[in-house]
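Examining the three-dimensional arrangement
This is what each chain is made of:
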Amino acid sequence: YYNNSSVIFLNGKFVKANESSTDLYSQTLHYGYGVFEGIRAYATENGTRVFKAKEHYDRLKKSCELVNIPFDYTTAELVDATYELLQKNNLSDAYVRPLVFCDPNMSLTKPNNVSIMICAWEWGAYLGDKQLRLTVSSYCRPHPRSIKIEAKVCGHYVNSILATSEAKDNGYDEALLLDSDGYLAEGPGANLFFEKEGVLFTPKLGNILPGITRATVLELADKLGIQVKQGLYTPEELESADSAFYCGTAAEVIGIESVDDNKFPKNWNDTVGKKLLEAYSQLVRESEKTLSTKY
Ligand code: PMP
């Protein structure tokens, strides 16, 4: 992820990654009490653009608020810091990882002080570009009354890691998690869509992370005149679908070939998902205006 010359943003300064350290008595390290983001930057005709930078830093702030972590930065400051970070590391197509972590405090109380770091590295398509063979996980997503499901909290990802390793140990590419009532929820790091008779379906918000890619896909579907329904859907409804895909910042839009023994009948190239993948790939390379003042 980094080499000897990699630079990170740490509490307002740019420092060398391999000369940075952190305290061992952080609540983030012991309890998973911290929040993070996953963002992608793309090379465009007008230089590097951080895709949906505002949305990601707004969600970082919202995550902090939801779990009572103090956070003083503005989205604009962090967008600027991200562009500067990419430039300092000579990165263009890159994955950007901001992390808000707590300063030393071993009690289970709210933190007084936190640190923020942003790092970036080159990262190809997270789930590859082949269509995925999924398996329904034995783990369900955390119940929204146990945690703040809408916040991107470090500790929540133990659930994602367990589900991913279980799926891979059983010979699949990726997991599909249900919610605690048995309805379709999401992947360990991506949101789910499925197509039936030309209409798209996606689990509604409430038991899932509100994905920024999910929101982008909804906008693109609207532009392309594709009807989308949001609700609570069962695994049986997915089983009778024509096609399905996952979407997320790291994974982008990726087709699903099968869920357990059930293969989707439609050829990926003929699906609504493929159309949305093309529209998404085009959109991320367009030079959007960002909040940044400097770039
Ligand atoms: N669900 C989960 C559990 C995730 O970790 C992610 C990745 N952040 C997503 C969905 C997709 O979210 P986004 O499109 O904002 O990356």
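Residues numbered from 1 in each chain as written. Predicted model: local features only at pLDDT ≥ 70, side-chain atom pairs only at ≥ 80, totals over all residues.

Before going further, it helps to examine the overall build of the chain. In terms of helices and strands, the chain carries seven helices and 16 strands. For 295 residues, the compact-globule estimate of 2.2 N^0.38 gives 19 Å, and the chain sits close to it at 19 Å. Its C-alpha atoms give the chain principal-axis dimensions of roughly 50 × 45 × 30 Å. When each of the 295 residues of the chain is scored for burial, the buried share is 39%. Considering only contacts in the chain between residues 6 or more positions apart, those separated by 24 or more positions represent 70%. (Helix = DSSP H or I, 4+ residues; strand = E, 2+ residues; numbered from the N terminus. Rg over C-alpha atoms; globule rule 2.2 N^0.38 Å. Buried ≥ 20, exposed ≤ 12 C-beta atoms within 10 Å, placed from the backbone. Contact = placed C-beta atoms within 7 Å.)

What follows covers the site of the ligand. Lining the immediate environment of the ligand, one finds 13 residues, of which Gly211, Ile212, Thr213, Gly248 and Thr249 sit closest. Take the shell around the ligand: its biggest share by element is three residues, from helix H5 (residues 212-223). In terms of residue class, the shell around the ligand is made up of three nonpolar, eight polar and two charged. (Near = placed C-beta within 6 Å. Nonpolar A, V, L, I, M, F, W, Y, C, P; charged D, E, K, R; others polar.)

Below, the discussion takes up the domain arrangement of the chain. Its domain assignment divides the chain into domain 1 (7-121) and domain 2 (132-283). Here the C-alpha centre of domain 2 lies 26 Å away from the C-alpha centre of domain 1. Counting from both sides, the interface comprises 19 residues of domain 1 and, opposite them, 12 residues of domain 2. Broken down by secondary-structure element, the contributors of at least two residues to the side of domain 1 that touches domain 2 are helix H1 (27-31), strand E3 (34-36), strand E4 (39-44) and helix H2 (53-66). With five residues, the top contributor of residues to the side of domain 1 that touches domain 2 is H2. Class assignment of the residues belonging to the side of domain 1 that touches domain 2 gives a composition of eight nonpolar, six polar and five charged. (Domains from an automatic or database assignment.)

Let us now look at the pairing of strand E7 (residues 114-121). Relative to E7, strand E1 (residues 7-10) is paired through two bridges, and the arrangement is antiparallel. Residue pairing for E7: phenylalanine 9 is matched across the bridge by isoleucine 118. In this sheet, E7 lies alongside strand E6 (residues 94-102) in antiparallel orientation, the contact comprising eight bridges. Each residue of the ladder has a partner; that of cysteine 102, found in E7, is valine 114. (Pairing = 2+ DSSP bridges.)

The next subject is the confidence of the model for the chain. The pLDDT averaged across the chain works out to 95; a share of 97% of its residues lies at or above 70. Every residue in residues 291-295 scores below 50 in pLDDT, and together they form 12 contacts with partners more than four places removed in sequence or on other chains. Predicted complex metrics record ipTM = 0.99 and pTM = 0.96. (pLDDT = per-residue confidence, 0-100.)

On to the nonpolar core, then. Counting 36 residues, the largest nonpolar core has Phe193, Ala244, Phe245, Tyr246, Cys247 and Ile256 as the members making the most contacts within it. Judged by nonpolar contacts, the second largest core, of 32 residues, contains Val50, Cys64, Leu85 and Ile116. (Core = buried A, V, L, I, M, F, W, Y, C linked by C-beta atoms within 7 Å.)

The next thing to look at is the packing of H5 against helix H7 (residues 272-284). For the pair H5 and H7, the least separation of the axes is 10 Å and the interaxial angle reads 110 degrees. In terms of orientation, H5 lies roughly perpendicular with respect to H7. Together, Thr216, Val217, Leu220 and Ala221 of H5 and Leu276, Ala279, Tyr280 and Leu283 of H7 make up the contact between the two elements. When its residues are assigned to classes, the contact of H5 with H7 shows seven nonpolar, one polar and no charged. (Axes fitted to C-alpha atoms, helices over the stretch in contact; angles between N-to-C directions. Parallel < 35°, antiparallel > 145°, perpendicular 65-115°, else oblique.)

Moving on to the packing of H2 against helix H3 (residues 75-88). To describe two helices that pack against each other, one gives the angle between their axes and the distance between the axes. Two elements in contact, H2 and H3, have axes whose closest approach is 9 Å; the angle formed by their N-to-C orientations is 125 degrees. Looking at the two axes, H2 sits oblique to H3. You can see that H2 and H3 cross each other, and the crossing is right-handed. Facing Ala53, Lys54, Tyr57, Asp58 and Lys61 of H2, the residues of H3 in contact are Thr75, Leu78, Val79 and Thr82. Looking at the contact of H2 with H3 residue by residue, the classes come out as four nonpolar, two polar and three charged. (Left-handed = near helix turned anticlockwise from the far one by under 90°.)

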